[in-house]
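Residues per chain are reported as follows:
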Amino acid sequence: MSALLRQIPANIPQDIRKIRIENSHLTELPRGSFENVSALEYLWLNFNNITVMHIKSLEYLPALKELRLQGNKLSSVPWTAFQDTPALKILDLKHNRLDVLPEHALRYLPNLTYLDLSSNQLTIISRDVFYNWPVYQRSQGTEGPLEAISNAVLALHDNPWICDCRLRGFVQFIKSVGPPIILMNSYLTCSGPKFRTGKFFHEVELNSCTKPLTSALDTNLTVPAGLNITLTCFVQASPSPAVWWTYALKLLRAFNVSTEPVSEDTVRSELLIPAARPADAGNYTCTAANFLGNTSVAINLRVVAPWASTTARGWAPVAPAEPGAHVEVRIAKQTVYGITLEWFAAAAAAAEPGETWYTLLVGRYDAAQKDTIYIGPGVNTYSVTDLLPATKYEVCVAVRNQAPRKGQCVVFVTGSDVSQMEQREKLIHIVVIVCAMVLAVPAGMYACTAEALPGCLARCPSACPRRRRGSPAQAAGSKESTLDSLPAGSEDGLCRPDGGARRSPDRPEPGKARPPHRNSADLY
């Protein structure tokens, strides 16, 4: 007891009939552990750390009557090892980690009168485990007279039984079992599924297992852009299946999926698409699977604009413009990778801000068609990111079905050297002056309003000195663009006294070699 033994002693006398080694440090029972003590009848190895039991660990023990392995760490037992112990009557395996009981487990225990499997991790077992037990077979009159059969005590309580269709046969066995098999505790309880947790076996009626059957209320949906959409599929199956969704944009957009039971054999799975956009259109497949097979149902989603719009060059409106529906746009935030737009709807558009929809048109400046993004009520910002280097872009904001008006667009050019832009992000904020208006834009990025023509750059040398010398009122006097609310940053030194634009600090001096890349400003 409580000895520091790490293995079975090798010098045990041959005539020993009982061995008890408890609270020690045994971790395994190797092959032939007791080959020199063939007279052994009682073997107690409780409360050790035994995790492995060799299939021939009980070899040469034909007289063994009692084996107790309580409180060890066995997750499995080599049940065929009991072929070497035909006289075994008591087998105690409680408080281990057994999670599987194969159908042949009790086949080699014909004389067992006590079997304790309580307090393990058994969840699902087949009734065939006990139908193949010689003790049960004799009780059914298949072997010998009934009166000659000894009682056998069976302990199966305190296991986390999952009471679904897979346990149906075992539950029926427990309900019908009687002498000579006696349950130590006949009130076995369910640990799952949730709606059966805590119920006794005699309170539940389990159905047969079935392959999943999936269905959807509507397999073809057409929804307006900007709304939160929930796709729902129902699955009938037993046992409860695993359910997952597949769709084309799964790697790009991860939608929330919730699955919950609605009845004993039915689960509901929902996929939520927040602020649906045209790119989300396509097939969404709900798949369910259990050990009997799998099945799926596809839902086709079509996302349409809540109002008609066009993305052709020039953005001609397809409906009469609403009087006074005007949007003021400004750049609210800049990074080396993009910009964040902020807009304010004035006049009629602001009358009901909680119901005002917006259209964003985003794309390369010279693109015939641009991406259309629909923004729902209550949102007035949008970030444009993942931009290509040395590329001229245009972003416009409009109300409902309106065409973008003067001041509702931003044109900007991305820089061509990303690594240098990252290094200069916190140092350089003002890069170019457009028509006496200084814009705070990311390093390496140039911006102007959509209505400012490229020729505007030619007039900047004369406009810049006037801005430096003029009053703040002069600077605020240019109302052609709605981007004048941007922070001006530090515009000093961007124009030479002779009226020409001075090089920004990141440009090389004359005579120095310059990297062979395209200057973004040339795109104007």
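Structure: see above.
For clarity, every value in this text was computed on a predicted model and none was experimentally measured.

A. The arrangement of the sheet that holds strand β10 (residues 181-183) in detail. Taken in spatial order, the seven strands line up as β1-β3-β5-β6-β7-β8-β10 in an open sheet, and their pairing is parallel. Pairing within the sheet leaves two strands with one partner each, and these edge strands are β1 (18-20) and β10. Averaged over all pairs of adjacent strands, the angle between strand axes in this sheet comes to 10°, irrespective of strand direction. Relative to strand β8 (residues 152-155), strand β7 (residues 114-116) is paired through three bridges, and the arrangement is parallel. Bridging across to β8, Asp 116 finds its partner in Ala 155.

B. How the structure looks around the packing of aromatic side chains. With the rule as written, the count across this model stands at 13 aromatic pairs. The interplanar angle of 35° and the centroid separation of 5.0 Å between the aromatic rings of Trp 161 and Phe 170 together place this pair among those described as tilted. Each member of the pair, Trp 161 as well as Phe 170, carries the same accessibility label: buried. With a centroid separation of 5.2 Å and 35° between ring planes, the pair formed by Tyr 247 and Phe 255 is classed as tilted. For the residue pair Tyr 247 and Phe 255, the accessibility class agrees, reading buried in each case. Three or more aromatic residues joined by ring pairs form one cluster here, namely Phe 130, Tyr 131, Tyr 136, Trp 161, Phe 170, Phe 173 and Phe 201. Geometry around Tyr 42 places Lys 18 over its ring, the cationic atom sitting 6.0 Å from the centre.

C. Main features of the sheet that holds strand β16 (residues 256-263). Here four strands make up an open sheet; going across it, the order is β12-β14-β17-β16 and the pairing antiparallel. The open sheet is flanked by β12 (210-215) and β16, the only strands paired with a single partner. Going from strand to strand, the sheet's axes swing by 20° on average, the running direction of each strand aside. By the bridge criterion, eight bridges tie strand β14 (residues 229-238) to strand β17 (residues 266-273) in an arrangement that is antiparallel. From the neighbouring strand, Phe 234 faces β17, where its bridge partner is Arg 268.

D. Local environment of the pairing of β8. Where β8 and β10 come together, three bridges link them in parallel fashion. Each residue of the ladder has a partner; that of Ala 152, found in β10, is Ile 181.

E. Expanded view of the state of the cysteines. Applying the stated criterion across every chain, the model contains four disulfides. Covalent S-S linkage joins Cys 163 and Cys 190, the inter-sulfur distance amounting to 2.0 Å. Looking along the S-S bond of the Cys 163-Cys 190 disulfide, the torsion reads about -95°, which is the left-handed sense. Residue Cys 163 is located in the loop between β9 (161-162) and α3 (168-176), and its partner Cys 190 is located in strand β11 (residues 190-192); the two are separated by 27 residues in the primary sequence. The buried category is assigned to Cys 190, whose relative accessible area is 3%. The disulfide that involves Cys 396 links it to Cys 409, with 1.9 Å between the sulfurs. Between Cys 396 and Cys 409 the disulfide shows an S-S torsion of about 115°. By sign, it is right-handed.

F. Up close: the pattern of salt bridges. Enumeration according to the criterion identifies 14 salt bridges in this entry. Residue Glu 41 is joined to Arg 17 by a salt bridge in which the shortest nitrogen-to-oxygen separation is 2.9 Å. Note that Glu 41 is positioned in the loop between β2 (28-29) and β3 (42-44) and Arg 17 in the segment before β1, a separation of 24 residues in sequence. The class for Arg 17 is partly exposed, based on a relative accessible area of 46%. Members of the salt-bridge network, linked through shared partners, are Glu 66, Arg 68, Asp 92, Lys 94 and Asp 116.

G. Representation of unusual backbone geometry within the structure. Of note, the bond from Gly 192 into Pro 193 is cis; its omega dihedral lies within 30 degrees of zero at -5°. Examined against the element boundaries, Pro 193 turns out to sit in the loop between β11 and β12. Between Ser 238 and Pro 239 the backbone carries a cis peptide bond, its omega angle lying at 5°. Looking at the element boundaries, Pro 239 is found in the loop between β14 and β15 (242-247). The phi dihedral of Asn 23 falls on the positive side, at around 55°, and the residue is not glycine. Topologically, Asn 23 is positioned in the loop between β1 and β2. The partly exposed category is assigned to Asn 23, whose relative accessible area is 40%.

H. How the structure looks around the nonpolar core. Judged by nonpolar contacts, the single largest core of 58 residues is most densely connected at Trp 79 and Phe 170. Going through the elements one at a time, α1 (128-131), α2 (134-139), β8, α3 and β10 are the ones with two or more residues in this core. The biggest single contributor to this core is α3, with four residues. Setting aside residues no more than four positions away along its own chain, Trp 79 makes contact with Leu 91, Leu 93, Leu 101, Pro 102, Ala 105, Leu 106, Tyr 108, Leu 109 and Leu 117.

About the cut-offs
- Every chain is numbered independently, its residues counted from 1 as its sequence is written.
- In view of the model being predicted, local features appear only for residues whose pLDDT reaches at least 70, and side-chain atom pairs are presented and counted only at 80 or more, with totals across whole chains, interfaces and linings using the full set of residues.
- Values shown for side chains rest on all heavy atoms present in the structure; no hydrogens or waters enter the calculation.
- Between any two strands, at least two bridges found by DSSP are needed for them to pair.
- Counting from the N terminus, the helices are the DSSP runs of H or I reaching at least four residues and the strands are the DSSP runs of E reaching at least two.
- Axis definition: a line fit to C-alpha positions, over the contact stretch in the case of helices; interaxial angles, taken between N-to-C directions, run 0 to 180 degrees.
- The criterion for an aromatic pair is that two Phe, Tyr or Trp rings (for Trp, the six-membered ring) have centres within 6.5 Å, with stacked assigned to planes under 30 degrees apart, edge-to-face to planes over 60 apart and tilted to the rest.
- Here the term buried applies to any residue with accessible area under 20% of the maximum for its type, exposed to any over 50%, and partly exposed to those in between, with areas from a 1.4 Å probe on protein chains only.
- Whether a charge sits over a ring depends on NZ of Lys or CZ of Arg being within 6 Å of the ring centre and within 35 degrees of the ring normal.
- A pair of cysteine sulfur atoms is labelled a disulfide when the two atoms are within 2.5 Å.
- When a carboxyl oxygen of Asp or Glu is within 4 Å of a side-chain nitrogen of Lys or Arg, the pair counts as a salt bridge.
- In plain words, nonpolar cores are sets of buried Ala, Val, Leu, Ile, Met, Phe, Trp, Tyr and Cys residues tied together by side-chain atoms within 4.5 Å.
- Note on contacts: a residue pair qualifies if any of its non-hydrogen atoms lie within 4.5 Å across the two residues.

Structural measurements only, silent on function.
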